[in-house]
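# Overview (structure and organization)
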Amino acid sequence: MSSVQNPHSELVGALYRDHRGWLLAWLRRNVACPSRAEDLSQDTFMRLLGRDELREPREPRAFLVAIAKGLLFDYFRRAALEQAYLTELMLLPESEHPSPLEQQLILEDLKAIDRLLGKLSSKARAAFLYNRLDGMGHAQIAQRLGVSVPRVRQYLAQGIRQCYIALYGEPQ
């Protein structure tokens, strides 16, 4: 069986062999579900394989934990998003609930939007959400975030650009 390997797959393989057990134990202490810990461990090494450039880290465990923490943060953020959706859903009369399939599709869309907005700075993300979800104007957002109105415009442009990329791909 032939497989295409990236230039640093040997380094990732060595990190996997030498530190996977330790990383998995660390994740199990931080995640209640053993299966989720296993998934996050694998995702950590997959993230390394997906990198264009990788150098041997001086502190491999600290390096792996930094990546795993980012994935863990994403996981908890998505879980909170899902819980918020389900909480709001419970406030609707049952007759207005979407079907289970529609609920799943909505959750997938919400997670995709979260990943999309996760590429923005926290202030740009907040400005975009204040504008699009809360209907706040530029001056209100500027005051809330403690920035200038032109900065808010820049933040909104960044959010709109991310939406464009999600719909149509990277501009040429």
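Residues numbered from 1 in each chain as written. Predicted model: local features only at pLDDT ≥ 70, side-chain atom pairs only at ≥ 80, totals over all residues. Heavy atoms only, no water.

In the nomenclature of an unreviewed UniProt entry, the protein chain corresponds to RNA polymerase sigma factor from the organism Pseudomonas azadiae. Reading the Sequence similarities (unreviewed entry) entry of the UniProt record for the protein chain gives the comment "Belongs to the sigma-70 factor family. ECF subfamily." (UniProt positions renumbered as here; feature names shortened; annotations may be inferred.)

## Focus: the overall build of the protein chain
The number of helices and strands found in the protein chain is seven helices and zero strands. For the protein chain, the succession of helices and strands along the chain, N to C, is α-α-α-α-α-α-α. The C-alpha atoms of the protein chain give 20 Å as radius of gyration, which overshoots the globular expectation for 172 residues (16 Å, by more than 25%). On the principal axes, the C-alpha backbone points of the protein chain span a range of 50 × 45 × 35 Å. Of the roughly 11,800 Å² of accessible surface on the protein chain, 53% is carried by carbon and sulfur atoms. The protein chain carries 23 positive and 20 negative side-chain charges, and their two centres are separated by 8 Å. (Helix = DSSP H or I, 4+ residues; strand = E, 2+ residues; numbered from the N terminus. Rg over C-alpha atoms; globule rule 2.2 N^0.38 Å. Areas by Shrake-Rupley, 256 points an atom, 1.4 Å probe, with all protein chains shown as cover. Lys, Arg positive; Asp, Glu negative; His and termini not counted. Charge placed at Lys NZ, Arg CZ, Asp CG, Glu CD.)

## Thoughts on the UniProt feature "domain: RNA polymerase sigma-70 region" (unreviewed entry) in the protein chain
Feature annotation in UniProt assigns "domain: RNA polymerase sigma-70 region" (unreviewed entry) to the following positions: residues 15-80. Counted over residues 15-80, helix gives 80% and strand 0%. Its end C-alpha atoms are 31 Å apart.

## Notes on the packing of aromatic side chains
Scanning the entire structure with this criterion turns up three aromatic pairs. With centroids separated by 5.2 Å and ring planes inclined at 55°, the aromatic side chains of Y75 and F76 adopt a geometry described as tilted. A residue is classified by how much of its surface remains accessible, and Y75, at 23% relative accessible area, is partly exposed. Aromatic side chains Y164 and Y168 sit 5.0 Å apart centroid to centroid with 50° between the ring planes, which places their arrangement in the tilted category. On the criterion of helical spacing, the pair formed by Y164 and Y168 is a turn pair, its members being four residues apart in helix α7 (residues 149-168). (Phe/Tyr/Trp six-rings, centres within 6.5 Å; stacked < 30°, edge-to-face > 60°. Buried < 20%, exposed > 50% of the residue type's maximum accessible area, 1.4 Å probe, protein only.)

## Describing the environment of E56
Along the chain, E56 falls in the loop between α2 (34-49) and α3 (60-91). Distance from E56 to M90, taken between C-alpha atoms, is 49 Å for residues 34 residues apart in sequence.

## Quick look at the UniProt feature "domain: RNA polymerase sigma factor 70 region 4 type" (unreviewed entry) in the protein chain
Feature annotation in UniProt places "domain: RNA polymerase sigma factor 70 region 4 type" (unreviewed entry) on residues 111-163, given in this structure's numbering. Annotation note: span residues 111-163, helix share 77%, strand share 0%, distance between end C-alpha atoms 14 Å.

## Structural notes on the packing of helix α5 (residues 122-132) against α7
Helix-helix packing is characterised by the crossing angle of the two axes and by the distance between the axes. For the pair α5 and α7, interaxial distance at closest approach is 8 Å and the crossing angle is 85°. Classed by the angle they form, the pair α5 and α7 counts as roughly perpendicular. Where α5 approaches α7, its residues K123, A124, A127, F128, N131 and R132 are matched on the opposing element by Y155, L156, Q158, G159, I160 and C163. Taken together, the residues of the contact of α5 with α7 break down into seven nonpolar, three polar and two charged. (Axes fitted to C-alpha atoms, helices over the stretch in contact; angles between N-to-C directions. Parallel < 35°, antiparallel > 145°, perpendicular 65-115°, else oblique. Contact = heavy atoms within 4.5 Å. Nonpolar A, V, L, I, M, F, W, Y, C, P; charged D, E, K, R; others polar.)

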